[in-house]
Amino acid sequence: MVIFSLGIIRGIVGQIVGTAVGLILVTLIRLLMGLPAWKAEPAMIIGALIGAVGFMIGVGALSDWFKWMGGKETPMHHGPPTDKPAWTRYFSVDYNHKVIGVQYAVTGILLVLVAGSLALIFRTELAQTGLQYIEAATFNTLFGMHGIVMIAGILLGVGGMINYLVPLMIGASDMAFPRLNAFGFWINVPGAILVISALFMGGWDTGWTGYPPLSVLAPMGVQAFMLGVYLVGISSIVGSANTLVTVAKMRAPGMSWFRMPIFVWAAVATSIIQLTATQLIGLSFLMVTVERVLGMGFFNPVLTAHAIEVGSPPGNVVLFQHLFWFYSHPAVYVFILPGLGIISELLPVFARKPLFGYKWIALSSLAIALVGFLVWAHHMFTAGMEPFLRIPFQFATMLVAVPTGVKFFSWVGTIWRGKLEFPTPMLFVLGAISVFLIGGLTGPPNGTVTTDLYLHDTYWIVGHFHATMFGGFIFPFFAALYYWFPKATGRMYNERLGKLHFWLILPGFWVQSLGQIAVGLLGMRRRIADYDPALGIQNGHVWITVAGYVIGLSVLVMIYNLAWSARKGPVAAANPWRSRSPEFQIPSPIPEHSYAEAFVITGEPYDYGLPGATYVAMNPSAAPAAAD
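Residues numbered from 1 in each chain as written. Predicted model: local features only at pLDDT ≥ 70, side-chain atom pairs only at ≥ 80, totals over all residues. Heavy atoms only, no water.

Draft legend 1. Spotlight on the overall build of the protein. Helix and strand counts for the protein come out as 20 helices and 2 strands. Against the compact-globule benchmark of 25 Å for 628 residues, the protein has a radius of gyration of 25 Å, which places it among compact chains. The C-alpha extent of the protein, read off along each of the three principal axes, is 80 × 65 × 45 Å. The buried share of the protein, reckoned over its 628 residues, is 57%. (Helix = DSSP H or I, 4+ residues; strand = E, 2+ residues; numbered from the N terminus. Rg over C-alpha atoms; globule rule 2.2 N^0.38 Å. Buried < 20%, exposed > 50% of the residue type's maximum accessible area, 1.4 Å probe, protein only.)

Draft legend 2. Structural detail: unusual backbone geometry. Across the junction of Pro212 and Pro213, the peptide omega takes the value 5°, indicating a cis bond. Structurally, Pro213 is set in the loop between α7 (188-197) and α8 (214-217). The peptide bond linking Ser588 to Pro589 adopts the cis configuration, its omega dihedral lying at -10°. Examined against the element boundaries, Pro589 turns out to sit in the loop between α20 (538-568) and β1 (600-601). Positive phi, normally seen in glycine, also occurs at Arg352, with a value near 55°. With respect to the helices, strands and loops of the structure, Arg352 is situated in the loop between α12 (317-351) and α13 (358-371). Residue Arg352 is classed as buried on the basis of its relative accessible area of 17%. Here Arg578, not a glycine, exhibits a phi torsion of approximately 55°, which is positive. Mapped onto the secondary structure, Arg578 falls in the loop between α20 and β1.

Draft legend 3. Structural context of the packing of aromatic side chains. Summed over all chains, the structure comprises 45 aromatic pairs. Plain terms: the ring middles of Phe350 and Trp577 are 5.5 Å apart, the flat faces sit at 75° to each other, and that makes the pair edge-to-face. Of the two residues, Phe350 is situated in helix α12 and Trp577 in the loop between α20 and β1; the sequence distance between them amounts to 227 residues. Across this residue pair, the class does not change: Phe350 and Trp577 are buried. Here the aromatic cluster, defined as three or more aromatic residues joined through ring pairs, consists of Trp204, Trp208, Tyr211, Phe225, Phe285, Phe298, Phe299, Phe320, Phe324, Trp325 and Phe465. The ring of Trp257 has Arg251 lying over it, and the distance from NZ or CZ to the ring centre is 4.6 Å. A cation over an aromatic ring shows up here: Lys359 above the ring of Phe258, its NZ or CZ 5.2 Å from the ring centre. (Phe/Tyr/Trp six-rings, centres within 6.5 Å; stacked < 30°, edge-to-face > 60°. Lys NZ or Arg CZ within 6 Å of the ring centre and 35° of its normal.)

Given below as structure tokens:
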């Protein structure tokens, strides 16, 4: 049967078998050491790691490398499998960057749906005071899983946009390392399975951050959560290295750095962060895992009797936060820089005028990436870190707003006196600007010591963070889906349903985010399952919950629209938006080999509305030479 030949089915079977092998291996080793045969936590850890390897072997992501080690030929196969339906390539290992981009994007959407469903469960609980439907421990697991699964979904969405678009935009045939690209996607799947399975291993009560000492003492589910995040982090590292090499070495002739599409600049800045910072979250979670299993005192300040006897120093919980936030604050820019790149990419198309301040926008992405490494401790103003560090981090936090302001200034300059058109992608771009502005304006009070001491553990932070994520990623991601949908499928989406999606989600999110900010100012603390009715915030929670359901409904409208349109939508023109970008100069849907003929870049990417301006010459022999 076709279903049993799919790579993902073989991978899941491999993960189950690998997990069983790990459990048996740990049991045998404990017997040989004279210990009790069964101890759940070390068995689960080794089982999870071997299970992940089993998944990668089963799905086929390691097959070519095993063949290389055996001295066998590994020719690259192009196109759908010859003995199976074409759709099966999306459920198995495939080396085409467009297929991998779709795999990333669809898996990211699925994870966002899971995370959103979890949010609706605990939001329904919060609509009323008292505990109605779920217990406090279950609430803790649900909101922690909501946070980390949503972050994983966003990371996969970022991977989808970068993998699909970057090679097309620079004229490359594929990513520099196609096999590594496939590995980078598939390692996410066992990671996501582990995170979700944590719900059935006792959950965890630390939230998505995994702070010790709670994480050192939490139920075993925290180990599945941390190991799952570790695997997703591996994907970020290998994917970012692949992107940087691709952009550095595979650009089309004539495409100098300052002739690249602005989204490619955003991808480069994002990849720099992922390549250099992701190791820190992996390190911090690995140290918690080792502390729990081997008793090493990294973070737990409460010493065991044996530790006291041998003179071990107490653990330092603040050390974990430094390690965690050194990745996790720059990671915010991993989520939003590609989204901001999409805004800058689409605005000139629908304003029909050049992008205002192209070089400033390009360099502002790098500036955000670099300065983003200097602000992590503003998350720790209330954590007990050294007081003298607060002021430098406060000033660094204010500084990172400058390159972000450059982008806003450019967007306004691009819109000003433009010949604006308002199809669904443009609506989502404008909606993204409005929502991201809420996140931007609520950010500086969090980076100022005096105000953060009051706001830090309130729903103000929840509203700020959701506005930043929705404005910086979710809305631009939806804009990108609608914008490149006709290019990817050869069919147009339903414009009415697209606009219905927009006009549901935009006011829904405004109500949700502003409502969270309002109840936070009235004293609603985050990460709690109940609240004092005397605060007078129950009506606010009802509005937030209703808005959450409206947002969920709007996403279902989008999924129906795109799924139906991919099969039955009207045939799309090759360039429905009159874009200057290279991928819109070739047929729709994009062929297996994207560019049958090489092309040369002869001008600037965003000279819309300028008579005689050219960017792409699809016939290189007729194009003038362009300096790199």
